[in-house]
Structure formats: structure tokens, C-alpha cells
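If you want the building blocks of each chain, they are given just below.
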Amino acid sequence: MHWWDVPAVHEIEQDVFDALPWSQETFFSELSGVPETRWYAVATLGDSVVGYVGLMTVGGEADIQTLARARSVAGSGVGQLLLDAATARANERSCFQLLLEVRADNQAARHLYERNGFEAMARRSNYYGHGEDAVVMRRRLRGGDIAPQPDGERR
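The sections below set out a description of the structure shown in this document. No experiment lies behind these values; they were computed from the predicted model shown. (Residues numbered from 1 in each chain as written. Predicted model: local features only at pLDDT ≥ 70, side-chain atom pairs only at ≥ 80, totals over all residues. Heavy atoms only, no water.)

It is worth spelling out the sheet that holds strand 1 (residues 38-45) at this point. The strand order across the open sheet formed by six strands is 1-2-3-4-6-5, and the pairing between neighbours is mixed. Two strands bound the open sheet, and with one partner strand each, they are strand 1 and strand 5 (119-124). Put simply, the sheet's adjacent strands are angled 25° from each other on average, direction ignored. Pairing of strand 5 with strand 6 (residues 134-140) involves five bridges; the strand directions are antiparallel. Each residue of the ladder has a partner; that of Ala-120, found in strand 6, is Met-137. Those strands touched by helix 1 (residues 6-16) are strand 1, strand 2 (48-58) and strand 3 (61-69), and its axis lies near 90° from that of strand 2. (Pairing = 2+ DSSP bridges. Helix = DSSP H or I, 4+ residues; strand = E, 2+ residues; numbered from the N terminus. Axes fitted to C-alpha atoms, helices over the stretch in contact; angles between N-to-C directions. Contact = heavy atoms within 4.5 Å.)

Structure, rendered in C-alpha cells:
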């Protein structure tokens, strides 16, 4: 994702995330962390942005900050493509797990994540406001349950 993609990304954001969509400024702020701790990508169809994904990586953990696709491409595999790209990047950065939050009532997204090895591990009440909860999901990556120890070594 580049700064010139932000208006198109923001348009999808506002359509897909009716409760608490990110502002354009938030996307610009996230892009300022690339490549140190952030990675963002867009999916395009012709000249149109049809989806995007953002990843934060810190200390061996990766967190999908955002992932969305335009309603016009629902069921086309764009969501899977974006998830695969984020997972590959987390693996490239030697992360041992990939985390995300998903709206508790978003069955389509939860099914996508479960199909890709994510497991529900917690619930965050009112995460999206208006009484909408989030489910925290995790996928173990290379090394599975090997986590960094406080001294920085992996065991």
C-alpha cells in the first residue's frame, strides 16, 4: 500500500466497517511505520483497489491490524489472498504467532480464519462499540508453541 492508495482504501473501510472506521489519517500514520514494524498491501482488480491488509510485527508476534475487501468482490477469494499475504509476511519476519480481532457476529470472516488455522482464544466486550464484541483469534506459525522467553532466547 502506498499513500496514494489511501483514499480508495478509506472508501472500502467506510463501507465495510460502519462502526468505528479508521480515518485516512490513521492509515497515513500506520504507513509511517513501514517497514520497521508495519506492512500494508492492497489487492487490485484492474486499476481499482478491492481490498487491503495491514500487519504489525513486534518481538516475534504478528497482529493483523486490518483486513477488508470491497463488497463487490465478496466470495472471489480476495480475503484469502490478503490473509495469505499477511501470513507469508509474518513468517518472513520469523514470527511465532499471528493474532487478530474479528467482530463476533461476522461469521464469514470467522469461518475464513478458522479454515486457515486460527483458533478463538478470548473475547473483548464492546470492542467495536455499540455492544459489538470482538473475538481474539490466534494462529501458531513456524515453531508452533515456541515463544520467546524473557531473556530473549527461544525455547
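Now that the structure is up, let's keep going.
Turning our attention to the packing of helix 1 against helix 2 (residues 24-31). Close contact between helix 1 and helix 2 brings their axes to 9 Å; oriented N to C, the two are set at 125°. Overall, the two elements helix 1 and helix 2 adopt an arrangement that is oblique. Crossing hand, helix 1 versus helix 2: right-handed. Touching Val-6, Pro-7, Val-9, His-10 and Glu-13 of helix 1 are Gln-24, Phe-27, Phe-28 and Leu-31, all from helix 2. Within the contact of helix 1 with helix 2, the residues separate by chemical class into six nonpolar, two polar and one charged. (Parallel < 35°, antiparallel > 145°, perpendicular 65-115°, else oblique. Left-handed = near helix turned anticlockwise from the far one by under 90°. Nonpolar A, V, L, I, M, F, W, Y, C, P; charged D, E, K, R; others polar.)

Let's shift gears to the environment of Tyr-128. As for its position among the elements, Tyr-128 is in the loop between strand 5 and strand 6. In this structure, the C-alpha to C-alpha distance between Tyr-128 and Arg-93, residues 35 residues apart in sequence, is 29 Å. Filtering out sequence-adjacent residues up to four positions away, Tyr-128 remains in contact with Ala-19, Leu-20, Glu-101, Val-102, Arg-103, Asp-133 and Ala-134. Side-chain polar atoms of Tyr-128 contact the backbone nitrogen of Arg-103, separated by 3.5 Å. (Polar contact = N/O pair within 3.5 Å; in protein donor to acceptor, adjacent residues only side chain to side chain.)

Turning our attention to the pairing of strand 6. Alignment of strand 4 (residues 97-103) against strand 6, held across seven bridges, turns out to be antiparallel. When the sheet's bridge partners are listed, Leu-98 is paired in strand 6 with Arg-139.

Below, the discussion takes up the nonpolar core. The tendency in soluble globular proteins is for nonpolar side chains to be buried as a group. The biggest cluster of nonpolar side chains holds 39 residues, and the ones touching the most others in it are Tyr-52, Val-53, Leu-55, Ile-64, Leu-98 and Tyr-113. Each residue touching Tyr-113, except ones within four places of it in the same chain, is listed here: Leu-67, Leu-83, Leu-100, Val-102, Phe-118 and Met-137. (Core = buried A, V, L, I, M, F, W, Y, C linked by side-chain atoms within 4.5 Å. Buried < 20%, exposed > 50% of the residue type's maximum accessible area, 1.4 Å probe, protein only.)

Moving on: the packing of helix 3 (residues 78-92) against helix 4 (residues 107-115). Remark: helix 3 packs on helix 4, axes separated minimally by 11 Å, with the N-to-C direction vectors making an angle of 45°. Our classification of the angle between helix 3 and helix 4 gives oblique. The interaxial crossing formed by helix 3 with helix 4 has right-handed handedness. Note on element contacts: helix 4 touches helix 3 through Leu-112, Tyr-113 and Arg-115, opposite Gly-79, Gln-80 and Leu-83. Split into classes, the residues belonging to the contact of helix 3 with helix 4 amount to three nonpolar, two polar and one charged.

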